[in-house]
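Architecture and fold: a report
The primary structure of each chain is shown beneath.
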Amino acid sequence: MLQDLRVVQRDFLLELIRLMTQELDLDTLLGRLLQLSVDMLSGNSGFIALSNPSTNWTVRTIYGLTSPMVKYIETYLEHFPIAEKGEDQRPIEINLLIERIRQHPDFNVTDGLGLPLVHGGTLLGIVVVFRSVLSRFSQNDMLLLRAYAGQASIAVRNAALYTENLRAKQQTDAILDALSDGVLVMDSRGVVTRVNPALTRLFGANGSALIGLTHDELIRFSGSVTGMTL
């Protein structure tokens, strides 16, 4: 049994590592992580909730749950502690949350298993898997989820950073595109990596045709230039 457990753990961790090497936005990653968690534990449903200092807890992805069930879960998440807890207290709080959820008649589940997603001592969220069959979660299931949760926390943090960077880039692109002045962005070698629509109109060319040119190839001054140039 121990050997089988290690094989299962290895297979799911390899799949998790594969996800970590991809540039996935946070919601896409969370959906795949939850699917892996449910499959790994032979569950029927589950959810991942993330903590946010400004908005408290939010359910970010679900599996096998309806919208009314999610609203019911979020009513209890409103009272779920967002402050840092000791390692011994976090699982206790999650178990209490699971028991409250299981008491609702719409939740036809026999057992639930959940663990915190922690990175660098910071509580990022929780992952919870429910099972609606006669068998309950075992200690081996807990060991599987515990080994998985540690790596999943790293993946969640990386995806959150990627999503933040992507959102910042989109905001910057929107500002550049709205400017009436022509703007070009270059790398350290002076090669054009980005142009805005105003610049393409000035040159009467497609933006993709300007990408990859150097500054001196693209900009030719019509007269002599005094003082410092690029």
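Before reading further, recall that the structure is shown in the block above.
Residues numbered from 1 in each chain as written. Predicted model: local features only at pLDDT ≥ 70, side-chain atom pairs only at ≥ 80, totals over all residues. Heavy atoms only, no water.

1. Focus on the environment of methionine 40
Along the polypeptide, methionine 40 turns up in helix H2 (residues 26–40). Here methionine 40 falls in the buried class, since its relative accessible area comes to 7%. Placed 108 residues apart in sequence, methionine 40 and tyrosine 148 show a C-alpha to C-alpha distance of 9.5 Å. (Helix = DSSP H or I, 4+ residues; strand = E, 2+ residues; numbered from the N terminus. Buried < 20%, exposed > 50% of the residue type's maximum accessible area, 1.4 Å probe, protein only.)

2. As for the nonpolar core
In terms of nonpolar packing, the biggest core is built from 28 residues, with Leu41, Ile48, Leu117, Leu145 and Val156 touching the most fellow members. Elements that contribute at least two residues to this core include exactly H2, strand S1 (45–52), strand S3 (111–119), strand S4 (122–131) and helix H5 (139–178). Among the elements that make up this core, the one with the highest residue count is H5 (10 residues). Leaving out residues up to four positions away in the same chain, valine 156 has contacts with Leu26, Leu29, Leu30, Leu33, Leu50, Leu117 and Leu124. Core analysis: the second largest hydrophobic core is formed by 21 residues, Trp57, Phe80, Ile94 and Ile126 among them. (Core = buried A, V, L, I, M, F, W, Y, C linked by side-chain atoms within 4.5 Å. Contact = heavy atoms within 4.5 Å.)

3. Side note on unusual backbone geometry
In this model, serine 42 sits at a positive phi of 55°, which is unusual for a non-glycine residue. Within the secondary structure layout, serine 42 lies in the loop between H2 and S1. Given a relative accessible area of 52%, serine 42 falls into the exposed group.

4. A look at the pattern of salt bridges
This structure, assessed with the given rule, holds eight salt bridges. Taking the shortest distance from any N to any O, the salt bridge between aspartate 111 and arginine 136 comes out at 3.4 Å. Taken together, the residues span a long stretch of sequence, with aspartate 111 in strand S3 and arginine 136 in the loop between S4 and H5 at a distance of 25 residues. Assessed through its relative accessible area of 48%, arginine 136 is described here as partly exposed. Connected through shared salt-bridge partners, Lys169, Asp173, Asp177 and Arg194 make up one network. (Salt bridge = Lys/Arg side-chain N within 4 Å of Asp/Glu carboxyl O.)

5. Brief notes about the pairing of strand S6 (residues 192–195)
As judged from the three bridges shared by strand S5 (residues 184–186) and S6, these two strands associate in the antiparallel manner. Paired with valine 185 across the strands is arginine 194, a residue of S6. Counted along the chain from S5 to the antiparallel partner S6, the turn is five residues long, and its residue glycine 190 has a positive phi close to 85°. (Pairing = 2+ DSSP bridges.)

6. Overview of the packing of aromatic side chains
Within this structure, the stated rule accounts for four aromatic pairs. Residues tyrosine 72 and tyrosine 76 carry aromatic rings whose centres are separated by 5.2 Å and whose planes lie at 75° to one another, so their mutual orientation is edge-to-face. Here tyrosine 72 and its partner tyrosine 76 are both found in helix H3 (residues 67–77), four residues apart, which amounts to about one turn of the helix. Following the ring pairs from residue to residue traces out a cluster consisting of Phe47, Tyr72, Tyr76, Phe107 and Phe130. (Phe/Tyr/Trp six-rings, centres within 6.5 Å; stacked < 30°, edge-to-face > 60°.)

7. A look at the sheet that holds S4
Taking strand neighbours across the sheet as the criterion, the four strands line up as S2-S1-S4-S3 in an open arrangement whose pairing is antiparallel. Looking at strand neighbours, the two that pair on one side only are strand S2 (56–63) and S3, the edges of this open sheet. Within this sheet the neighbouring strands show an average axis-to-axis angle of 20°, counted without direction. Sheet strands touched by H2: S1, S2 and S4. Its angle to S2, the strand with the most contacts, is close to 60°. Its contacts with the sheet place H5 against S1, S3 and S4, and it is angled at close to 40° to S3. (Axes fitted to C-alpha atoms, helices over the stretch in contact; angles between N-to-C directions.)

8. Overview of H3
Residues three or four positions apart in an α-helix share a direction because the helix packs 3.6 residues into each turn. All of the buried residues in H3 are Met69, Val70, Tyr72, Ile73 and Leu77. The arc that holds every buried residue of H3, seen down its axis, measures 160°, which confines them to one face. H3 presents Ser67, Pro68 and Lys71 as exposed residues on the side facing more than 90 degrees away from its buried surface. (Arc of directions from axis to C-beta.)

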